[in-house]
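# Summary of the model geometry
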Amino acid sequence: MADQSHIGSRAADGRGHVAGSRIARTLAALAFVAALVGFPAARAVEPDPIKADITVDTSAGYARILFHFSDEVDADVRLANQVLVVTFKNKVATNIDRLPLDGRGYISAARRDPDGMAVRMALSRKLRLNSMMAAERLYVDQIGRAHV
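Attention now goes to the sheet that holds strand β8 (residues 128-134). Taking strand neighbours across the sheet as the criterion, the five strands line up as β5-β1-β2-β9-β8 in an open arrangement whose pairing is mixed. In this open sheet, the two strands that pair with only one neighbour each are β5 (92-93) and β8. Relative to strand β9 (residues 137-143), strand β2 (residues 63-69) is paired through six bridges, and the arrangement is antiparallel. Paired with His68 across the bridge in β9 is Arg137.

Right, here's the structure in full:
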């Protein structure tokens, strides 16, 4: 009887193929299909940001900042170290360039986070804050005398 030590631990099936190669081909095919199925999710287009107009009214003896959104959005308003932070659940596209001018005496600087998820405003002095969400509008009132 001939020595078959060169076959090693691989067992051949009846057609002369190694049994493990069928499993390897099946696994490779499954990996290929999984990659194809995964690509559409990776290529999914992010939704457009919600557009918002921001206006500031200081005519009533306090500052009212009005965010008017193109669609309903969840927003959170908080005050930390004289910085008013308005965060959004969805990306928001807005122009904040005029906020320090329109809110003179109340807002000293403003910036929008690069990811579009928040707007931050440095307040001129210590003020009380009141906010209210109504449909596509967010009202943020800064109560107290302005520094001009």
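Further notes follow.
The antiparallel open sheet is built from four strands, whose spatial order is β3-β4-β7-β6. Of all the strands in the sheet, just β3 (75-80) and β6 (107-112) have a single pairing partner and so form its edges. Going from strand to strand, the sheet's axes swing by 15 degrees on average, the running direction of each strand aside.

The next point concerns the pattern of salt bridges. Under the criterion given, the structure shown has four salt bridges. Ionic pairing is found between Arg98 and Asp102, a salt bridge with its closest N-O pair at 3.1 Å. The partly exposed category is assigned to Asp102, whose relative accessible area is 28%. The shortest N-O distance in the salt bridge between Arg120 and Asp113 comes to 2.9 Å. On the basis of relative accessibility, which here comes to 30%, the residue Arg120 falls in the partly exposed class. Asp113 sits in the buried class, given a relative accessible area of 11%. A cluster of three or more residues bridged by salt bridges with shared partners is formed by Arg111, Asp113 and Arg120.

Note that β3 and strand β4 (residues 83-88) share six bridges and pair antiparallel. Residue pairing across strands places Leu79 opposite Leu84, the latter belonging to β4. The antiparallel pairing of β3 with β4 creates a hairpin that spans two residues between the two strands, and Asn81 there sits at a positive phi of about 55 degrees.

Before going further, it helps to examine the packing of aromatic side chains. Following the criterion strictly, the structure yields three aromatic pairs and no others. Measuring from centroid to centroid gives 6.2 Å for Phe67 and Phe88, while their planes differ by 65 degrees, and the two rings are edge-to-face. In this pair, Phe67 is assigned in strand β2 and Phe88 in strand β4, connecting sequence segments 21 residues apart. The two residues Phe67 and Phe88 agree in class, both being buried. Relative to Phe88, the ring of Phe69 lies with its centre 5.8 Å away and its plane at 75 degrees, an arrangement referred to as edge-to-face. One end of the pair, Phe69, is in strand β2; the other, Phe88, is in strand β4, and 19 residues separate them in sequence. Taken together, Phe67, Phe69 and Phe88 form an aromatic cluster joined through their ring pairs.

Criteria and cut-off values
- Residues numbered from 1 in each chain as written.
- Predicted model: local features only at pLDDT ≥ 70, side-chain atom pairs only at ≥ 80, totals over all residues.
- Heavy atoms only, no water.
- Pairing = 2+ DSSP bridges.
- Helix = DSSP H or I, 4+ residues; strand = E, 2+ residues; numbered from the N terminus.
- Axes fitted to C-alpha atoms, helices over the stretch in contact; angles between N-to-C directions.
- Salt bridge = Lys/Arg side-chain N within 4 Å of Asp/Glu carboxyl O.
- Buried < 20%, exposed > 50% of the residue type's maximum accessible area, 1.4 Å probe, protein only.
- Phe/Tyr/Trp six-rings, centres within 6.5 Å; stacked < 30°, edge-to-face > 60°.

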